[in-house]
Amino acid sequence: MLGERPAAPVASDMTSAPRPVSSIPLPPSVRIAEGRGGLPCLVVASPLARAEIYFQGAHVAAWHPAGVRDPVLWLSARSHFAPGKPIRGGVPICFPWFGPHPENAAAPAHGFARLREWTLIEALEDEAGTVRLALELAGEGLSPDWPHRFRAVHRIEIGSRLRMALEVRNDGTDPFTFEEALHTYFDVADIRTVSLTGLERGEYLDKLAGGRQSREGNDPIRFTAETDRVYLDTQAACTIDDPDRRRTITVSKSGSDATVVWNPWIAKAHAMPDFGDDEWTGMLCVETGNVNVHARTLAAGATHIMAAMLEVKDRGD
Ligand code: BG6
């Protein structure tokens, strides 16, 4: 059975902010707070869910639907919370490239969007307690490695389900190409006991074998070693079955043709400074994306929307 929700996120009220981070009026269930490392964040505490969203990266760091006992989103106890450093856990936005930049090894991995401060442009709440936030990152030449003029809006709907939609518009005069991912870290009891359905028989690129193309078997995926795969041409919903937690988490999506599945296992976890040595057992990334051959090209003035919806269900055993 699903139990009571855990304690609130750690953010405390922001009383001495150096500068206002937003002038948007906030609905009753939303406040701005000083989050971990002093980074400003939005804290949502509604009858339906609690959540913590950092302005840096428009990063959903926590989402606890009411009545769910264990965290749904995994967050490393070793994560950086510092200006310009990626947060390890929650839902980083990878944009406008995924992984290393193809030409510049010195450019930040997974693009610049997760390192920049986004602007709150909308905060609404309906009668049922569903909160809708929208954060924007826009400009031209934000990175020499991707100098285009664009506007990205991340729309986050926080309720008994979590919906995130990343909207990218080309504000320039020429087409541009980008990759994107909602790099969602899920909290699981033990990666060695969970299974993942939705990608059976799918073609994938195995990043641990130099990008070799392989085909998934007929069975749900189980994890017995480091895993880093880009599943191609898939629009399917994926479900994490977590028998120890007696729950499933489903990620359904739209506007996305790739799904990335990642767990670093032992050696890679040890090698990452912002990842606890033993934390790999408790997480699984299932990432909604358009990456690699599914990079998108947008004509001048065009908009693309990619969305992911998360839902937790009691397994009923
Ligand atoms: C995954 C990639 O999406 O993100 C992995 O497929 C990568 O190759 C992982 O290691 C974590 O990336 P980062 O930049 O957050 O350490």
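Above this text is the structure in question.
As the structure is a computational prediction, the values presented were derived from the model and not from experiment. (Residues numbered from 1 in each chain as written. Predicted model: local features only at pLDDT ≥ 70, side-chain atom pairs only at ≥ 80, totals over all residues. Heavy atoms only, no water.)

Asks: How should I be thinking about the overall build of the protein chain in this particular structure?
Replies: Counting secondary structure elements, the protein chain contains one helix and 24 strands. A compact globule built from 317 residues should have a C-alpha radius of gyration of about 20 Å, and the protein chain, at 19 Å, falls within 12% of that. Counting only C-alpha atoms and orienting by the principal axes, one finds that the protein chain spans roughly 50 × 50 × 35 Å. Counting every position in the protein chain, which comprises 317 residues, the buried fraction comes to 53%. Pairs at least 24 apart in sequence give 63% of the contacts found in the protein chain among residues at least 6 apart. Carbon and sulfur atoms form 48% of the exposed surface of the protein chain, whose accessible area is close to 13200 Å². (Helix = DSSP H or I, 4+ residues; strand = E, 2+ residues; numbered from the N terminus. Rg over C-alpha atoms; globule rule 2.2 N^0.38 Å. Buried < 20%, exposed > 50% of the residue type's maximum accessible area, 1.4 Å probe, protein only. Contact = heavy atoms within 4.5 Å. Areas by Shrake-Rupley, 256 points an atom, 1.4 Å probe, with all protein chains shown as cover.)

Asks: Would you mind showing me how to read the sheet that holds strand β9 (residues 149–158) here?
Replies: The pairing of strands in a sheet happens through backbone hydrogen bonds and is either parallel or antiparallel. Sheet architecture is open: nine strands sit in the order β7-β8-β9-β10-β24-β20-β19-β14-β17, paired in antiparallel fashion. The outermost strands of the open sheet, each flanked by one partner alone, are β7 (119–125) and β17 (221–222). Across eight bridges, the pairing between strand β20 (residues 247–254) and strand β24 (residues 303–314) is antiparallel. Bridge pairing in β24 links Val251 to Leu310. (Pairing = 2+ DSSP bridges.)

Asks: How do you make sense of the pairing of strand β19 (residues 238–242) when you look at a structure like this?
Replies: Along a regular strand, successive side chains alternate from one face of the sheet to the other. Only one face of β19 is covered, namely the one carrying Cys238, Ile240 and Asp242; the face carrying Thr239 and Asp241 has none of its residues buried. Summarising the sheet, strand β14 (residues 195–197) and β19 pair through three bridges and their orientation is antiparallel. The residue of β19 that forms the bridge with Ser195 is Asp241. With five bridges connecting them, β19 and β20 associate as antiparallel partners. Each bridged residue has a counterpart across the sheet, and for Asp241 the counterpart in β20 is Thr248.

Asks: Before we go on, may I ask you to explain the site of the ligand in this structure?
Replies: Around the ligand, the neighbouring residues are Arg88, Phe98, Ala109, His110, Arg114, His183, Lys207, Asp228, Val260, Trp262, Lys268 and Glu287. Arg114 has a polar side-chain atom sitting 2.9 Å from an oxygen atom of the ligand. Look at the ligand: alone it shows 390 Å² of surface, and the protein chains cover 86% of it. (Near = heavy atom within 4 Å. Polar contact = N/O pair within 3.5 Å; in protein donor to acceptor, adjacent residues only side chain to side chain.)

Asks: Quick question: what am I supposed to make of the environment of Asp206 here?
Replies: Checked against the element boundaries, Asp206 lands in strand β15 (residues 203–206). For the pair Asp206 and Tyr231, spaced 25 residues apart in sequence, the C-alpha to C-alpha distance is 8.7 Å. In contact with Asp206, other than residues within four places in its own chain, are Gly211, Arg212, Asp228 and Arg229.

Asks: Even after reading the chapter, I still don't get the nonpolar core, so can you show me in this structure?
Replies: Nonpolar side chains in soluble globular proteins tend to be buried together. Counting 73 residues, the largest nonpolar core has Ile53, Leu133 and Ile158 as its most contacted members. Discounting chain neighbours no more than four positions away, the residues touching Ile53 are Cys41, Leu42, Val44, Ala58, His59, Val60, Leu133, Leu135, Ile156 and Ile158. (Core = buried A, V, L, I, M, F, W, Y, C linked by side-chain atoms within 4.5 Å.)

Asks: What should I look at first to understand the pattern of salt bridges in this one?
Replies: Side chains that carry opposite charge are capable of pairing whenever their charged atoms lie near each other. For the structure shown, the criterion picks out 17 salt bridges. Among the ionic pairs, Arg215 bridges to Glu203, the shortest N-O distance being 2.7 Å. Remark: Glu203 occurs in strand β15 and Arg215 occurs in strand β16 (residues 212–215); sequence separation between them is twelve residues. Salt-bridge contacts for Asp317 lead to Arg315; the nearest nitrogen and oxygen are separated by 2.4 Å. For Asp317, a relative accessible area of 53% puts it in the exposed group. By relative accessible area, Arg315 is classed as partly exposed at 32%. Each of the salt bridges in this network shares a partner with another, and the network as a whole consists of Arg69, Asp70, Asp187 and Arg245. (Salt bridge = Lys/Arg side-chain N within 4 Å of Asp/Glu carboxyl O.)

By themselves, these observations are geometric and do not establish any function.
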